[in-house]
Amino acid sequence: RLVWLTGFVHPYSLFKSVWDIVVSLLIIYSVLDVTYRLAFGLTTTGAMQSFSLAIDCLFAVDMLITFRTAIFNDQLLIIQQRTIASAYLSSWFSVDFASTIPLNFMLKHLVSGDELRGAKLIRALRLIRLMKVIRLVKMSTFFKKYEDSFPVNPTFIRFFKLLVIMGFAGHLYGCLFYSVGHYLSTEDGHGWVHNYCIVDECLDEMGLSSKYLAAIYWAFTTMTT
């Protein structure tokens, strides 16, 4: 339950449990979206950019909630703000802060259009977007926190975690594989993206879905053979 009298949130309250699930889903979406867009050279504009900023705002709210969430120390519930803040600042704060601040969006509006077209700055913006991936580390904390709370066979939980890990690994490897292949194809025309053809149509002439499926197929084939 919420500890309304003291203004703190109980770490195992219904509100916190639901909020953690929402944040976990947002982390999964954010990581998949960022890596996919980076690999295939897509940019966020219009409604998608607004949605991305909304997610960043929710991550910022999550940081504020964490500052007001009680913690356990030797089975003792701590509701002292200084102790809670110190524990958060020394653990996940740097990860949350680095992956929440929309530096990519801010730089686009602070830097002029001519400067933004520079190759080095474009690469820097892409690397900044990758900072969101580090939030994925927190997923292990969520699993560890709740795996003993659900009346589910531990074998099923381990199997589910394995599926999640393999799914993420396949996605990341596939995006990396396509990104490298596309770069080599652009540089000297010898990358696999340029040379992979089906009948009379090559992959670099196909749609994004075909490119992504080809990269994912390679990733899972490599991991399972």
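Keep in mind that this is a model prediction, so the values were computed, not measured. (Residues numbered from 1 in each chain as written. Predicted model: local features only at pLDDT ≥ 70, side-chain atom pairs only at ≥ 80, totals over all residues. Heavy atoms only, no water.)

Overview of the environment of I101
Then step 1. Take I101: it is sitting in the loop between α4 (93-100) and α5 (103-110).
Then step 2. Measuring from C-alpha to C-alpha, the distance between I101 and C57 comes to 8.8 Å, with 44 residues separating the pair along the chain. (Helix = DSSP H or I, 4+ residues; strand = E, 2+ residues; numbered from the N terminus.)

Quick notes on the packing of aromatic side chains
Then step 1. By the definition in use, this model includes 12 aromatic pairs.
Then step 2. Measuring from centroid to centroid gives 4.9 Å for Y36 and F40, while their planes differ by 40°, and the two rings are tilted.
Then step 3. For Y36, a relative accessible area of 21% gives the class partly exposed.
Then step 4. Through a chain of ring-to-ring contacts, three or more aromatic side chains come together here, namely Y36, F40, Y178 and Y212. (Phe/Tyr/Trp six-rings, centres within 6.5 Å; stacked < 30°, edge-to-face > 60°. Buried < 20%, exposed > 50% of the residue type's maximum accessible area, 1.4 Å probe, protein only.)

Some points on the UniProt feature "transmembrane region" (unreviewed entry) in the protein chain
Then step 1. Feature annotation in UniProt places "transmembrane region" (unreviewed entry) on residues 12-32, 38-61 and 159-180, given in this structure's numbering.
Then step 2. Helix and strand shares over residues 12-32 are 90% and 0% respectively, and the end C-alpha atoms of the span are 28 Å apart.
Then step 3. Across residues 159-180, the secondary structure splits into 100% helix and 0% strand, with the terminal C-alpha atoms separated by 31 Å. (UniProt positions renumbered as here; feature names shortened; annotations may be inferred.)

Describing helix α8 (residues 138-146)
Then step 1. For α8, the set of buried residues is K138, M139, F142, K145 and Y146. The arc enclosing the buried residues of α8, seen along the axis, measures out at 125°, which places them on a common side.
Then step 2. Against α1 (14-39), α2 (46-67) and α4 lie the buried residues of α8. (Arc of directions from axis to C-beta. Contact = heavy atoms within 4.5 Å.)

Concerning the layout of surface pockets
Then step 1. Its boundaries defined by the atoms lining it, the second largest pocket holds a volume of some 580 Å³.
Then step 2. Lining the second largest pocket are 19 residues, with K16, T66, I71, T141 and K145 positioned closest to its centre.
Then step 3. At the level of secondary structure, the elements contributing two or more residues to the lining of the second largest pocket comprise α1, α2, β3 (71-73), α3 (81-89) and α8.
Then step 4. By residue number, the principal contributor to the lining of the second largest pocket is α8, which donates four residues.
Then step 5. For the lining of the second largest pocket, a count of residues per class yields 10 nonpolar, four polar and five charged. (1 Å grid on protein atoms, 1.4 Å probe; cavity = no way out; pocket = protein on both sides within 12 Å on 5 of 7 lines; lining within 4 Å. Points joined across faces, edges and corners; volume = space filled by probe spheres on them. Nonpolar A, V, L, I, M, F, W, Y, C, P; charged D, E, K, R; others polar.)

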